[in-house]
Amino acid sequence: MILPIIAYGDPVLRKKGIEISEDYPKLKEFIANMWETMYEASGVGLAAPQVGRAIRLFIIDASPFADDENVSEEENAQLEKMKMVFINPKIIAEEGEEWAFNEGCLSIPDVREDVFRQPTITIEYLDENFESHTKTFEGIGARVIQHEYDHIEGILFTDKLSSLKKRLIKGKLSNISKGKVHADYRMRFPLMKKGR
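Here the structure is a predicted model, which means the values were calculated and not measured.

Trainee: How would you sum up the sheet that holds strand β8 (residues 132-138)? Please name residues and give values.
Mentor: Ordered in space as β2-β3-β4-β7-β8, the 5 strands form an open sheet in which the pairing is antiparallel. The open sheet is flanked by β2 (45-47) and β8, the only strands paired with a single partner. Strand after strand, the sheet turns through a mean of 40° between neighbouring axes, direction not considered. Of the strands in this sheet, β2, β3 (57-61) and β4 (83-95) touch helix α1 (residues 27-40), which is tilted by about 45° from β3.

Trainee: Explain α1 residue by residue, including any values.
Mentor: With 14 residues, α1 extends 20 Å from end C-alpha to end C-alpha; this agrees with the ideal 20 Å at 1.5 Å per step. Following α1 by one or two positions, Ser-42 has its phi on the positive side, about 55°.

Trainee: Tell me about the pattern of salt bridges, and please be specific about residues and values.
Mentor: When their charged atoms lie close together, side chains carrying opposite charge are able to pair. Tallied over the entire structure, the rule returns 9 salt bridges. For the salt bridge of Glu-153 with Arg-56, the shortest nitrogen-to-oxygen distance reads 2.6 Å. In this pair, Glu-153 sits in the loop between α3 (139-152) and α4 (163-177) while Arg-56 sits in the loop between β2 and β3, placing the two residues 97 residues apart along the sequence. Residue Arg-143 pairs with Glu-103 through a salt bridge whose shortest N-O separation is 2.7 Å. Taken together, the positions of Arg-143 in helix α3 and Glu-103 in strand β5 (residues 99-105) put the pair 40 residues apart, joining distant regions of the chain.

Trainee: Summarise the pairing of β3; cite the residues concerned and give the values.
Mentor: The buried count for β3 comes to 5 of 5 residues, which makes it a mostly enclosed element. In this structure, β2 lies alongside β3, joined through 3 bridges in antiparallel fashion. Across the sheet, the residue bridging to Ala-47 is Phe-58, located in β3. The pairing of β3 with β4 spans 5 bridges and is classified as antiparallel. Paired with Asp-61 across the two strands is Lys-83, which belongs to β4.

Trainee: Lay out α3 in plain terms, naming residues and giving numbers.
Mentor: If you check α3, its first and last C-alpha atoms are 21 Å apart, about what 14 residues at 1.5 Å a residue would give, namely 20 Å. Counted residue by residue, α3 has 14 buried out of 14 residues, so it is predominantly covered.

Trainee: Before we move on, can you summarise the packing of aromatic side chains with the specific residues and values?
Mentor: The description of an aromatic ring pair rests on the distance of the ring centres and on the angle between the ring planes. Tallied over the full model, the rule gives 6 aromatic pairs. A centroid spacing of 5.9 Å and a plane angle of 70° characterise the contact between Phe-65 and Phe-101, whose relative ring orientation is edge-to-face. With Phe-65 in the loop between β3 and α2 (73-80) and Phe-101 in strand β5, this pair connects stretches of sequence that are 36 residues apart. Of the residues examined, Phe-101 reaches a relative accessible area of 18% and is grouped as buried. Ring pairs connect the aromatic residues Phe-58, Phe-86, Tyr-125 and Phe-137, which therefore count as one cluster. Of note, Arg-143 hangs over the ring of Trp-99, and the distance from its end group to the ring centre comes to 4.3 Å.

Trainee: Could you give an account of the environment of Arg-53, with specific residues and numbers?
Mentor: Along the chain, Arg-53 falls in the loop between β2 and β3. Relative accessible area serves as the criterion here: at 30%, Arg-53 is assigned to the partly exposed category. The sequence separation of Arg-53 and Ile-18 amounts to 35 residues, and the corresponding C-alpha distance is 9.4 Å. Excluding its chain neighbours within four sequence positions, the residues that come into contact with Arg-53 are Val-12, Tyr-24, Pro-25, Phe-30 and Ala-48. A polar side-chain atom of Arg-53 sits 3.2 Å from a polar atom in the side chain of Tyr-24.

Trainee: Tell me about the layout of surface pockets, and name the residues and values.
Mentor: The calculated volume of the largest pocket comes to roughly 450 Å³. Around the largest pocket sit 24 residues that line it, and Val-44, Gly-104, Cys-105, Leu-106 and Arg-112 are the ones nearest its centre. Put simply, the second largest pocket is a space of about 250 Å³. Looking at the lining of the second largest pocket, the elements that each hand over two or more residues are α2, β4 and β8. At 4 residues, β8 tops the list of elements feeding residues into the lining of the second largest pocket. Grouping the amino acids of the lining of the second largest pocket by side-chain chemistry returns 3 nonpolar, 4 polar and 6 charged.

Criteria and thresholds
Residues numbered from 1 in each chain as written. Predicted model: local features only at pLDDT ≥ 70, side-chain atom pairs only at ≥ 80, totals over all residues. Heavy atoms only, no water. Pairing = 2+ DSSP bridges. Helix = DSSP H or I, 4+ residues; strand = E, 2+ residues; numbered from the N terminus. Axes fitted to C-alpha atoms, helices over the stretch in contact; angles between N-to-C directions. Contact = heavy atoms within 4.5 Å. Expected span 1.5 Å × (residues − 1). Salt bridge = Lys/Arg side-chain N within 4 Å of Asp/Glu carboxyl O. Buried < 20%, exposed > 50% of the residue type's maximum accessible area, 1.4 Å probe, protein only. Phe/Tyr/Trp six-rings, centres within 6.5 Å; stacked < 30°, edge-to-face > 60°. Lys NZ or Arg CZ within 6 Å of the ring centre and 35° of its normal. Polar contact = N/O pair within 3.5 Å; in protein donor to acceptor, adjacent residues only side chain to side chain. 1 Å grid on protein atoms, 1.4 Å probe; cavity = no way out; pocket = protein on both sides within 12 Å on 5 of 7 lines; lining within 4 Å. Points joined across faces, edges and corners; volume = space filled by probe spheres on them. Nonpolar A, V, L, I, M, F, W, Y, C, P; charged D, E, K, R; others polar.

As structure tokens, then:
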């Protein structure tokens, strides 16, 4: 089932997600709905808060980046296989010199900006079978994870912009929360006027 994606301005996007256990109600079904929703919106990642649940869960499929000509063959091979579920994740290390990459977000349509992040992360997480992993990721894969991880911490990529950039996009963000934006997927807007 395709879920509506929550737009910028909704308080759920600012909540720190809570950890979940294996007996979380209808978890398998929820994860399946998240995959369906993400692919319908042509996303490479989706966090539970973006579909209205403040829990520590996100999914990623970084394979669309594998076609990027700026990516090495080694990274390409990693990205192609990077379809993953992260439950109760914890980033335990972020290393290297920050680099800029143009990011967007399904909750903030039509806004793309360069965001600086460190290139290497180590993360502990549970997969969809509640098996524990500790893995290190680099480059674009690491960035996709960092972006989704921020969501479960109540952080949006726009928070990482300079104060000048924030001022420049303020009107756009306000319009998004009011539903004055075009998206090719179902969305729920916090400040949209009900009825006419």
